[in-house]
Amino acid sequence: EAQVTQNPRYLITVTGKKLTVTCSQNMNHEYMSWYRQDPGLGLRQIYYSMNVEVTDKGDVPEGYKVSRKEKRNFPLILESPSPNQTSLYFCASSPPRGGNEQFFGPGTRLTVL
Amino acid sequence: DAKTTQPNSMESNEEEPVHLPCNHSTISGTDYIHWYRQLPSQGPEYVIHGLTSNVNNRMASLAIAEDRKSSTLILHRATLRDAAVYYCTAIPYNNNDMRFGAGTRLTVKP
């Protein structure tokens, strides 16, 4: 089954404790991206990647890192999480061009205390 | 990136058609128009997309204005399961970089 998986689905952590949210897709997609969703602010893009070893900032990249060492994986790294990074995070993947459907993961709900 | 404008909310009765409008007056000639929806407690899911011509699929129809400055998502017979936030977005042809606006919250009444 074609899918985007995210782990963990739920995470409660404390300020400053490094964490990684994994994202994996099984569709051989070149394009992957991360979004965060907050009440009243909608979905905002954090980072995206057009292919392996190619990443770029979205609209809200501060406090986040990403890497794209393999085509299928696009982890989101929070080196020193802060409470303002408490949010619902979504990973997405698609073929590279604009005429293609994007597939979204189920989301990761992160709480930073 | 082209900015999109949608009504904040709309209501529909079950089994009636719904027309969800989107304005994208700054769209470039090579941007695709995509629609996604987000059901409660789920990630966004693809609904339909098009470039210039109207499009139909099993979920919905997309009517694109001749000048491409607006489009309408048509749900032919709304069901309670169609209650969601619907997002319209314009995506460049040479990448799939998608930005979301606030979307339209569709309520379907039995």
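Located above this text is the structure these notes cover.
Cut-offs used in this document
Residues numbered from 1 in each chain as written. Chains lettered and ligands numbered in written order. Predicted model: local features only at pLDDT ≥ 70, side-chain atom pairs only at ≥ 80, totals over all residues. Heavy atoms only, no water. Phe/Tyr/Trp six-rings, centres within 6.5 Å; stacked < 30°, edge-to-face > 60°. Helix = DSSP H or I, 4+ residues; strand = E, 2+ residues; numbered from the N terminus. Buried < 20%, exposed > 50% of the residue type's maximum accessible area, 1.4 Å probe, protein only. Pairing = 2+ DSSP bridges. Disulfide = S-S within 2.5 Å. Contact = heavy atoms within 4.5 Å. Buried area = accessible area lost by both parts, 1.4 Å probe. Salt bridge = Lys/Arg side-chain N within 4 Å of Asp/Glu carboxyl O. Axes fitted to C-alpha atoms, helices over the stretch in contact; angles between N-to-C directions.

**Q** An account of the packing of aromatic side chains is needed here, citing residue identities and associated values.
**A** All names here are of chain B. According to the stated counting rule, one finds nine aromatic pairs over all chains in the structure shown. When the centroid spacing of 5.1 Å and the interplanar angle of 75° are considered together, the rings of Y87 and F100 count as edge-to-face. You can see Y87 sitting in strand β8 (residues 84-92) and its partner F100 sitting in the loop between β8 and β9 (104-109), a full 13 residues away along the chain. We classify F100 as buried; its relative accessible area is 11%.

**Q** Which residues make up the pairing of strand β5 (residues 42-51) of chain A, and what are the values?
**A** Residue and element names in this part refer to chain A. Counting buried positions along β5 gives seven out of ten residues, so the element sits mostly inside the fold. Here strand β4 (residues 31-38) pairs with β5 via seven bridges, running antiparallel. Considered in β5, the bridge of M32 is made with S49. Between β4 and β5, which follow one another and run antiparallel, lie three residues, and G40 among them has a positive phi close to 80°. Inspection of the sheet shows β5 paired to strand β6 (residues 54-57) by four bridges, in the antiparallel sense. In the sheet register, S49 faces β6, and the bridge partner there is T55. Between the end of β5 and the start of β6, which pair antiparallel, lie two residues, with E53 showing a positive phi angle near 65°.

**Q** Would you mind going over the state of the cysteines in detail, with residue names and values included?
**A** Going through the model one piece at a time under the given rule, you end up with two disulfides over all chains. Put simply, C23 of chain A and C91 of chain A are joined by a disulfide, and their sulfur atoms are 1.8 Å apart. With the S-S dihedral at roughly -75°, the linkage between C23 of chain A and C91 of chain A falls on the left-handed side. On the criterion of sequence distance, the pair formed by C23 of chain A in strand β3 (residues 19-25) and C91 of chain A in strand β9 (residues 87-94) is long-range, its members being 68 residues apart. Owing to a relative accessible area of 2%, C23 of chain A belongs among the buried residues under this scheme. A sulfur-sulfur separation of 2.1 Å characterises the disulfide bridge that pairs C22 of chain B with C88 of chain B. Across the S-S bond of C22 of chain B and C88 of chain B the torsion is about -75°, and the bridge reads as left-handed. Here C22 of chain B is found in strand β2 (residues 18-23), whereas its partner C88 of chain B is found in strand β8, with 66 residues between them in sequence. For the residue pair C22 of chain B and C88 of chain B, the accessibility class agrees, reading buried in each case.

**Q** Which residues make up the environment of C88 of chain B, and what values do they have?
**A** Residues and elements named next belong to chain B. Take C88: its relative accessible area is 0%, and that puts it in the buried class. Each C-alpha atom, one on C88 and one on N57, is 16 Å from the other, the two residues being 31 residues apart in sequence. Setting aside chain neighbours within four positions, we find C88 in contact with T4, Q6, C22, H24, H34, W35 and S71.

**Q** Hey, could you go over the interface of chain A and chain B for me, with residue numbers and the actual values?
**A** Each partner contributes residues to the interface: chain A has 22 residues there, and chain B has 20 residues. Carbon and sulfur atoms make up 50% of the area that chain A and chain B hide from each other, which totals about 1,600 Å². It is L43, G98 and F104 of chain A in chain A that bury the most area against chain B; as a group they hold 31% of the surface buried on that side. Counting every contact that joins chain A to chain B gives one salt bridge.

**Q** Can you explain the sheet that holds β8 of chain B? Please cite residues and give values.
**A** All names here are of chain B. Read across the open sheet, the five strands follow the order β1-β9-β8-β3-β4; overall the sheet is mixed. The open sheet has two free edges, formed respectively by β1 (9-13) and β4 (45-50), since each of these has just one partner strand. Each neighbouring strand pair of the sheet contributes to a mean axis angle of 25°, computed without reference to strand direction. Where β8 meets β9, three bridges bridge the pair, whose relative direction is antiparallel. Pairing of V85 across the sheet is with R105, part of β9.

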